[in-house]
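Each chain is listed here by its residues.
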Amino acid sequence: MKTIIKSIFLFALSAMFIVSCAPTEKKGSKSNKGALAGNAAEKVYVAPGELDSHYAFISGGFSGQLAVYGLPSGRLFRVIPVFSQDPEKGYGYSEETKPMLMTSHGFVPWGDSHHPDISQTEGSVDGRWVFINENNTPRIARISLKTFETEEIIEIPNSAGNHSSSFVTENSEYVVAGTRFSVPFPQKDMPISEMKGNFSGALSFLKIDPEHGHMNIEFQIKMPGFNYDLSHPGRGKSHGWFFFSTYNTEEAHTLMENNASRNEKDFIAAINWKVIEEYVKNGGGKMVPANYAHNTWDDDTHTATSVMKKEVLVVEPKDVPGAIYFLPTAKSPHGCDVDPTGEYIIGNGKLAAAMTVHSFTKMQKAIADKAFDGDAYGIPILKFEAVNYGSVEPGAGLGPLHTEFDTRGNAYTTFFISSEVVKWNVKSLKVLDRHKVYYSVGHLMIPGGNSRTPDDKYLVAMNKITKDRYLPTGPEVCQSAQLFDISGEKMELLLDFPTIGEPHYAAGIAAEKIMGAEGKKTTKIFRLDDNKHPYAVKSEAETKVVRKGNEVHISMSMIRSHFSPDNIEGVKVGDKVFFHVTNLEQDYDVPHGISMIGANTSELLIMPGRTTTFTWEPKQIGVWPFYCTDFCSALHQEMQGYVRVSPKGSNTPISFTLDGDIPGEEEE
Ligand code: K7E
Ligand code: CUA
């Protein structure tokens, strides 16, 4: 057994080595260029002043963020900060955004973001929100597609390595978060060697408020201590079910590459969440103590609040018979994907030679017939033959990871080891086409590919390795995406473009679904009249500086091209100075920035109508400047000011002026 596994690994590794090292031919050689058809350039060319037809939201992996690109151009528009601090935007540095990064472990400034998924209405992506998971310190975030800002982050208790997340059901009833690592549930101090049978895996179902999108952990299912890797919702006929791939059903805790690869088959867990929802509605489940942060952004106060939640509803599988089954699936499956009709559930067995395709119809019959092959911790294991529709023999393809779909009954699967995308027909299971990618592809994305209605012109492959595809930049080369036209019979490679961080998954959608006609749906400014920030100023007349003990609160305004006040005196070494800054502009695309010399935080970039705060603790006496960091007008360089810092204990009074006058008192 051991030698077989070892030889699979050696084969896999050597295949990867060969594939990723082969293309070293000279620039312009055919194999490296992927033989682009003549009109590929035309197909991705978006002329100056024209707009892309699609948005692509590509996760940043270890950057913790979410990047927004246009398709087909591959142009990067914006990086939305989600789980990591971003000094470019002041996210996680301003007083208002710091609560977004609070967790039960305190302030966590970094995250690992993997799977964005767009909210859906009746089985189609609707462009309201995008959800994304954080792997390392388990969290789910919700990003508004009006403001392109993170509005909410909820921590997932009893979870570790929040990876089989964050996928959305077809009417955005739930966003789901499954644990990759099983852990003691609840956490406790115990020997690692006693893992087997004593750890559990939490699958969390977060209810989404249909109007505002707010998330709440409705229930957690306490599953056996396997690793829950990926998941996807049922749809159409299988709506109401959720499917999770598992590996390490061996429950190994060390040298996982061998010890978690012993079983020829692991499982896809099928969860009937509608049955569990009903059970919970009738008082089922048990509230257990937990400790997790729920952070929400308020667009009226322009401030985030972090609340620690103290309990969570836990459901034991044995208490809800008929809700959970295991489908045997070869071997240590990674991706778990459901086709647009909801009939086919595909397990991408990354160590198997073939992909397993299960049938939802057969699964229902197997359940009715009680076609069981024993159980695992009381959860029935359905007979493989009773649920299996067939398997795809991918030819030379090695290491299948993820699958997406078009509307024509085809599936597209990535092969990490053989670096290719393979197109096959879901019904016939026949391979129809294959195309090399450069190199080592992880996820792929077809806009709307995780819905009933894929928008199937483009396919984006997200690759781990790009050596020799771009100008070298030291030991690390950028990661990259590749765009394919999939509208014809054969996939056509159109474009390579670099990505931020490591792109794991992505979500795509037609641009008009987000922007509406002429961009009307997206937020252009925040109305100053609606600004309820406690330190907001609505005009320069309201600006002021107030001392409270050793705190100095500056209520400041900014407008082209000055701050008010711009001269401040009476600050002392040892003070903590709060700059509460309101951007008085009410025009689209006119943010201003502010930074203070020596401040131990980032600049702020403040949108029109918004108030944001940073702190400064001056350590040296002197007269110190601050300035606008965003080139906002021809007089941007004049947008600056001074703060006088006196020694500790000095009696220089607080004073603040603009053009020699106290703001608001000019007329006297
Ligand atoms: Cu395959 Cu995190 Cu979805 Cu990366 S995961 S590839
Ligand atoms: Cu305001 Cu530059």
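Further up the page is the structure itself.
Reading guide: rules and limits
- Counting starts from 1 at the beginning of each chain's written sequence and moves along it residue by residue.
- Going through the entries in the order they are written, you letter the chains from A and number the ligands from 1.
- Only residues with pLDDT of at least 70 get local features here, since the model is predicted, and only at 80 or more are side-chain atom pairs given and counted; chain-wide, interface and lining totals rely on the full set of residues.
- In computing side-chain values, all of the structure's heavy atoms are included and hydrogens and water are not.
- Only DSSP runs of H or I covering at least 4 residues are called helices, and only runs of E covering at least 2 are called strands; the numbering of each starts at the N terminus.
- The reference for a compact globule is 2.2 Å times residues^0.38; the radius of gyration itself is calculated from the C-alpha atoms.
- Classification of residues uses two cut-offs on accessible area relative to the type maximum, computed with a 1.4 Å probe and protein chains only: under 20% is buried, over 50% is exposed, and between them is partly exposed.
- Here the open area of atoms and residues is found with the Shrake-Rupley method and a 1.4 Å probe, where only the protein chains shown may cover a residue.
- Charge assignment in this entry is limited to Lys and Arg as positive and Asp and Glu as negative, and neither His nor the chain termini are counted.
- Charge placement uses NZ in Lys and CZ in Arg. For Asp and Glu, CG and CD serve respectively.
- For two strands to be treated as a pair, DSSP must find at least two bridges joining them.
- With a 1 Å grid laid over protein atoms only, a set of points is called a cavity when a 1.4 Å probe fits there but cannot get out and a pocket when it is open yet has protein on both sides within 12 Å along at least five of seven lines; lining residues have an atom within 4 Å of a point.
- Grid points are joined across faces, edges and corners, and a volume is the space filled by probe spheres set on the points.
- Under this grouping Gly is polar, as are all residues other than the nonpolar Ala, Val, Leu, Ile, Met, Phe, Trp, Tyr, Cys and Pro and the charged Asp, Glu, Lys and Arg.
- Taken from the helix axis, the directions to the C-beta atoms give the arc we talk about.
- In protein, a polar contact means a hydrogen-donor-capable atom and an acceptor-capable atom, both N or O and within 3.5 Å, with residues adjacent in sequence counting only if both atoms are side-chain atoms; elsewhere, any N or O pair within 3.5 Å suffices.

(A) The arrangement of the overall build of the protein in detail. Per the secondary structure count, the protein includes eight helices and 45 strands. For 668 residues, the compact-globule formula gives about 26 Å, and the C-alpha radius of gyration of the protein, at 27 Å, lands near that figure. Counting only C-alpha atoms, the protein reaches 90 × 65 × 45 Å along its principal axes. Expressed as a percentage of its 668 residues, the buried residues of the protein come to 59%. For the protein, the accessible area works out to roughly 26700 Å², and carbon and sulfur atoms hold 55% of it. Positive and negative charge centroids in the protein, built from 65 and 82 side chains respectively, lie 7 Å apart.

(B) How the structure looks around the pairing of strand β20 (residues 333-338). Counting buried residues along β20, six of its six residues qualify, which places the element largely inside the surrounding structure. The sheet contact formed by β20 and strand β21 (residues 344-349) spans four bridges and is antiparallel. In the strand pairing of β21, Val338 is matched with Ile345. Connecting the antiparallel pair β20 and β21 is a turn made up of five residues, with Gly342 showing a positive phi of about 85°.

(C) Summary view of the pairing of strand β35 (residues 544-548). Relative to strand β36 (residues 551-559), β35 runs antiparallel, the two being bridged by five bridges. Bridge pairing in β36 places Val545 opposite Ile554. If you look at the hairpin formed by β35 and β36, you'll find two residues sitting between the two strands, and Gly549 has a positive phi there, around 65°.

(D) Highlighting the layout of surface pockets. Reported here for the largest pocket is a volume of approximately 990 Å³. Lining the largest pocket are 32 residues, and of these Arg78, Thr147, Phe148, Thr523 and Tyr588 lie nearest its centre. The set of elements that each furnish at least two residues to the lining of the largest pocket consists of β1 (54-59), β3 (76-80) and α8 (511-515). When grouped by side-chain class, the residues that make up the lining of the largest pocket number 17 nonpolar, five polar and ten charged.

(E) Helix α6 (residues 360-368), seen in detail. Those residues of α6 lying buried are Phe360, Met363, Ala366 and Ile367. Considered in projection along α6, the buried side chains sweep an arc of 115° and stay on one side of the axis. More than 90 degrees from the buried face of α6, the exposed residues found are Lys365 and Ala368. With a side-chain oxygen lying 3.3 Å from the backbone nitrogen of Thr361, the N-terminal cap of α6 falls on Ser359. One or two steps after α6, the chain reaches Lys370, where phi turns positive at roughly 50°.

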